[in-house]
Amino acid sequence: MSLILDEHREYLIDRPRVSAFERAISEVVKPGDVVLDLGAGTGILGLFALKAGAARVYAVDGIGLTQLEREIFAANGFADRAVCIKGLSTRVELPEKVDVIVGDLIGRFGIDGGLVEFYTDARRRMARPGVRTVPSRVDLYVAPVEAPQTWAEVEFWRESPAGFNFDRAYKIAVNTGHPVKYRPEQMLGKPALLATIDVTRDGDPILSGTAVSAVHRAGTMHGVAGWFEAQLSPSVTMSNSPLREDVINRRAVFFPVDPPTAVAANDSARVTMRISPADTLVNWRVELTDGAGATRKKFSHSTFSGMLLNPEDLAKSRPDYVPKLTIWGEARRLVVNLCDGKRSVAQIEREVYELHRSLFASPGEASAFVHEVIVPYGTSD
Amino acid sequence: MKIEISDEVVWREFEGEVVILDLASQHYFGLTGAGNDMWQLIAEHGSSDKVIEQLLTRYDVDPANLKADFEKLVNELAAKGMVRVSSAD
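Reading the values: the criteria
Residues numbered from 1 in each chain as written. Chains lettered and ligands numbered in written order. Predicted model: local features only at pLDDT ≥ 70, side-chain atom pairs only at ≥ 80, totals over all residues. Helix = DSSP H or I, 4+ residues; strand = E, 2+ residues; numbered from the N terminus. Rg over C-alpha atoms; globule rule 2.2 N^0.38 Å. Buried ≥ 20, exposed ≤ 12 C-beta atoms within 10 Å, placed from the backbone. Contact = placed C-beta atoms within 7 Å. Pairing = 2+ DSSP bridges. Right-handed = clockwise from strand over helix to strand, strands pointing away. Axes fitted to C-alpha atoms, helices over the stretch in contact; angles between N-to-C directions. Nonpolar A, V, L, I, M, F, W, Y, C, P; charged D, E, K, R; others polar. Domains from an automatic or database assignment. Parallel < 35°, antiparallel > 145°, perpendicular 65-115°, else oblique. Left-handed = near helix turned anticlockwise from the far one by under 90°. Core = buried A, V, L, I, M, F, W, Y, C linked by C-beta atoms within 7 Å.

Q: Would you mind showing me how to read the overall build of chain B here?
A: Helix and strand counts for chain B stand at three helices and five strands. In chain B, the succession of helices and strands from N to C terminus is β-β-β-β-α-α-α-β. Here the C-alpha atoms of chain B give a radius of gyration of 13 Å, agreeing with the 12 Å that 2.2 N^0.38 yields for 89 residues. C-alpha extents for chain B along the principal axes are approximately 35 × 30 × 20 Å. Taken across its 89 residues, chain B has 19% of its residues classed as buried. Taking contacts inside chain B between residues at least 6 apart in sequence as the whole, the part at least 24 apart equals 42%.

Below, the structure written as structure tokens:
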């Protein structure tokens, strides 16, 4: 059962998304352009670029669809104009600079799909000055929201599931963003623009914004809804906003507030977020004020408090931690050292098995271990 | 004096320790024991007088020593950019 393939099938049956990208790419890509497709998947965006007349498409993907991409490009007559590369784009070198970068790394809220990290790197290392990007800009929107069913999933941890105390998990859940498909009537206030990501230039590593949403009806505010609107090209936008008819099939985000609070028409919700896209770390503060401007309640949450930390891992992140290698680390170092351009894989597997018999129940296990290192890091160049 | 935690840090309590992440440097710092209490009181009160008053109810120490230890911690935190100090209380 291929979950990866089914995920990409879902992308392809999402007509608003596919249509938006096809129109945007045909607007941005000029005949003769060299195009980089980041996170290429099955290659659909690269196919649109080739259809629009691109001279060459470099399709980069790290999740293992590379050979499938090659066969799909070939089946559509583009074998000579598509170069498929397996790996993280931040570790890839291209033989030429590109004119256009395309991709759908927007995630659910603009900051959770790698957009900032991978586009920034690609612009700096792989693109001509003035490179065109699809998308060029992503706006983040927030609104106070009534979401009792989603709140119930958070509250679940305080309800002694199976008769045990799981309260600690509540603290994690209430400091986590949850994917949600909203209905328009769940919005308690008009969406407000929180922040904008300009994909064409380097920005602050920390994205900050404040948005004020006027509450337009009484209800219970369970949290803040977040979604994006992406400018794919000068005339094409794409969004997972629950308020748009052409919404794509991608859930938005629910940021809880603790506790859920009754709101009245003419209240205001002032939402401030600080976001580190590199860590997908989000701080959200919400100040609820009444019609006269008096503060009724303040909320403060952070996905840092929602992170599943282990003290052992945390200790290793401190600047003053002095590490040594475990026995597994020593075995890994041995594999790396044996990749000297002279030894074959079979020789390396034998040596690793002989020197670390205590780690491997069989030569087969040692082979799999060696394979884990050689596939991402080995080369014959 | 007024003490404000920087917007560039996020923090949480974890295993009896306050763990602070500096978003700018991506470094973690930890405060335990009295340092843990001092940080959480700064977060709650934001005023050196109120923090010291609370600490004196928890620790049976010479007030002058406690004040000196607190000021030393605040200076270290301010030097790392983790708090902002101003004279208004």
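Q: Honestly, the overall build of chain A in this entry has me stumped. Any pointers?
A: When helices and strands are counted, chain A shows 11 helices and 15 strands. Going through the 381 residues of chain A one by one, you find that 39% of them count as buried. Taking all contacts inside chain A whose residues are at least 6 apart in sequence as the whole, residues at least 24 apart take part in 69%.

Q: Even after reading the chapter, I still don't get the pairing of strand E4 (residues 98-103) of chain A, so can you show me in this structure?
A: The side chains of a regular strand alternate, residue by residue, between the two faces of the sheet. All names here are of chain A. Burial analysis of E4 places six of its six residues in the buried class, which makes it a mostly covered element. Relative to strand E5 (residues 127-134), E4 runs parallel, the two being bridged by four bridges. In the strand pairing of E5, Val102 is matched with Val134. For the handedness criterion, the β-α-β arrangement of E4, helix H5 (residues 115-126) and E5 is classed as right-handed.

Q: How do you make sense of the sheet that holds strand E4 (residues 27-31) of chain B when you look at a structure like this?
A: As a general point, the strands of a sheet are linked pairwise by backbone hydrogen bonds and lie either parallel or antiparallel. Residue and element names in this part refer to chain B. Read across the sheet, three strands follow the order E2-E3-E4 without closing on themselves; strand pairing throughout is antiparallel. Single-partner strands in this sheet number two, and they are strand E2 (9-14) and E4. When the angles between neighbouring strand axes are averaged without regard to direction, this sheet yields 25°.

Q: Sorry if this is basic, but what is going on with the interface of chain B and chain A here?
A: By a frequent convention, interface size equals the accessible area lost on bringing the separate parts together. Counting from both sides, the interface comprises 10 residues of chain B and, opposite them, 14 residues of chain A. Mapped onto the side of chain B that touches chain A, the elements with two or more residues apiece are E2, strand E3 (17-22) and E4 of chain B. For the side of chain B that touches chain A, the class distribution of residues is six nonpolar, one polar and three charged.

Q: Whenever I open this one, the domain arrangement of chain A confuses me. Can you help?
A: All names here are of chain A. Taken domain by domain, chain A consists of domain 1 (3-104), domain 2 (138-309) and domain 3 (327-377). Domain 1 and domain 2 are separated by 32 Å when their C-alpha centres are compared. On the side of domain 2, 10 residues touch domain 1, which itself brings 10 residues to the contact. Residues of the side of domain 1 that touches domain 2, tallied by class, amount to five nonpolar, no polar and five charged.

Q: What's the story with the packing of helix H9 (residues 327-338) of chain A against helix H11 (residues 363-377) of chain A in this structure? I'm lost.
A: Packed helices, taken two at a time, are described by the angle their axes make and the gap between the axes. Residue and element names in this part refer to chain A. It is the contact of H9 with H11, at a shortest axis distance of 10 Å, that shows an interaxial angle of 60°. Our classification of the angle between H9 and H11 gives oblique. The interaxial crossing formed by H9 with H11 has right-handed handedness. Along the contact surface, H9 presents Ala331, Arg332, Val335 and Val336, while H11 presents Phe369, Val370 and Val373. Residues belonging to the contact of H9 with H11 are distributed by class as follows: six nonpolar, no polar and one charged.

Q: Help me understand the nonpolar core in this model?
A: A general tendency of soluble globular proteins is for nonpolar side chains to be buried together. Residues and elements named next belong to chain A. Judged by nonpolar contacts, the single largest core of 86 residues is most densely connected at Ile25, Val35, Ala49 and Ala225. For this core, the element with the most residues is strand E10 (residues 219-233), which contributes seven residues. In terms of domain composition, this core takes at least three residues from each of domain 1 (3-104) and domain 2 (138-309).

Q: Explain the packing of helix H2 (residues 15-28) of chain A against helix H3 (residues 44-51) of chain A here, please?
A: Residues and elements named next belong to chain A. Between H2 and H3, the least distance of the axes is 9 Å, while the angle of their chain directions is 40°. Relative to H3, the element H2 lies oblique. At the point where H2 passes H3, the crossing takes the right-handed sense. From H2, Phe21, Glu22, Ile25 and Ser26 reach across to H3, where they touch Leu45, Phe48 and Ala49. For the contact of H2 with H3, the per-class residue count stands at five nonpolar, one polar and one charged.

Q: Quick question: what am I supposed to make of the pairing of strand E14 (residues 281-289) of chain A here?
A: Residues and elements named next belong to chain A. In the sheet, strand E13 (residues 268-276) pairs with E14 via nine bridges, with the strands oriented antiparallel. Across the sheet, Val271 pairs through a bridge with Val286, a residue of E14. A loop of four residues connects E13 with E14, the two strands running antiparallel in sequence, and Thr280 in this loop sits at a positive phi of about 45°. Here E14 runs beside strand E15 (residues 295-302); their pairing, made up of seven bridges, is antiparallel. Counterpart to Arg285 in the pairing with E15 is Ser300. Hairpin geometry of E14 and E15 is characterised by an intervening segment of five residues between the two adjacent antiparallel strands and by a positive phi of about 90° at Gly293.

Q: Could you clarify how one ought to interpret the sheet that holds strand E2 (residues 56-61) of chain A in this entry?
A: All names here are of chain A. With parallel pairing, five strands are arranged side by side in an open sheet as E3-E2-E1-E4-E5. Across the chains shown, the open sheet's two edge strands, defined by having one partner strand only, are strand E3 (82-86) and E5. Strand after strand, the sheet turns through a mean of 20° between neighbouring axes, direction not considered. Its contacts with the sheet place H5 against strand E1 (34-38), E4 and E5, and it is angled at close to 150° to E5.

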